[in-house]
Structure formats: C-alpha cells, structure tokens
Amino acid sequence: MPRLETVPSNRLPVASAIRSLRLRAGLSQRQLAQRMSVPRTYVSKIENEKACPTLSSLERLAGALRVRICDLLTTGRSHEDDVRELVQDEFIAELVPYMRKLNGVQWMSVLTQLREMTAMPRRLA
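Residues numbered from 1 in each chain as written. Predicted model: local features only at pLDDT ≥ 70, side-chain atom pairs only at ≥ 80, totals over all residues. Heavy atoms only, no water.

1. Some thoughts on the nonpolar core
Right, on to step 1. By size, the foremost hydrophobic cluster in this structure holds 17 residues, and its most contacted members are I18, L32, M36, L61, L65 and L72.
Right, on to step 2. For this core, the secondary structure elements donating two or more residues are helix 1 (14-24), helix 2 (29-36), helix 3 (40-47) and helix 4 (55-65).
Right, on to step 3. Here this core takes 5 residues from helix 4, the largest share from any one element.
Right, on to step 4. When neighbours within four sequence positions are excluded, L61 is seen to be in contact with I18, L32, M36, I46, P53 and L72. (Core = buried A, V, L, I, M, F, W, Y, C linked by side-chain atoms within 4.5 Å. Buried < 20%, exposed > 50% of the residue type's maximum accessible area, 1.4 Å probe, protein only. Helix = DSSP H or I, 4+ residues; strand = E, 2+ residues; numbered from the N terminus. Contact = heavy atoms within 4.5 Å.)

2. Observations regarding helix 4
Right, on to step 1. Along helix 4, the residues classified as buried are S57, L58, L61, A62, A64 and L65. One side of helix 4 holds all its buried residues, which, seen down the axis, span an arc of 165°. Away from the buried face of helix 4 by more than 90 degrees, exposed residues L55 and G63 are located.
Right, on to step 2. Those residues of helix 4 that are buried lie in contact with helix 1, helix 2, helix 3 and helix 5 (69-72).
Right, on to step 3. Directly after helix 4, the chain includes R66, whose backbone phi takes a positive value near 60°. (Arc of directions from axis to C-beta.)

Right under this line is the structure:
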C-alpha cells in the first residue's frame, strides 16, 4: 500500500512533491520554469510554499515533469513507484506471471474469489 507523507495543517504536500519529482527528473528550477514558460522565481515560491499553484499551473507542472496531476498532490511518488513497491511484495511478485496470462473474465473471477475469501470470517481448526 502506498505510504502518504503526513503534512501539518491539513495541507497537501504539493511543494515537496514538486521538488522531489523535479530532482528525480534531474531538472533545475530554471529548467522546470522554462518548460512551464514561467519565471524561475515562481517555481521557487511554489517549492518553498510561498505561492500556491493554480490548476493551470498544476497542469503545466505535470506536463513539464511528465507525471499526472495526482502525482503532484501526493508525496511525489509516481504510479511507477507504486508499482515497483507492489512488485517487491513476495506474494504479489509470485502472482504477477500468472495474472498476465488471464483474460478479463478470468481476472474478474479471481478478484471475486479473493473478495469472498476476505469477507468470510476465518475459521480456526
């Protein structure tokens, strides 16, 4: 399960996510600002929580960083990070080769069976 960073004052961790994703992409603030067509100081203000990005700025940030907008609203973890973490789980890693061979109906059957198994109370022998 993805871990979310706790943020004081019920604020979204946009600033740290943007910084994290920018650094992961190997970009300077100036390079990110150029991709967004904004001044470098604007990127700095966002990363230092001195400015709150507008929705259009979030769209441009996501495009410039090649991530989804929702990645900016979490801890800077991308979908790929989440998948990588999931596959590190021993149980999931063992399932992956088999799940790739299933069609849609088979997927739904497996999912239904898992739901039913977890919904039933466990019996002790």
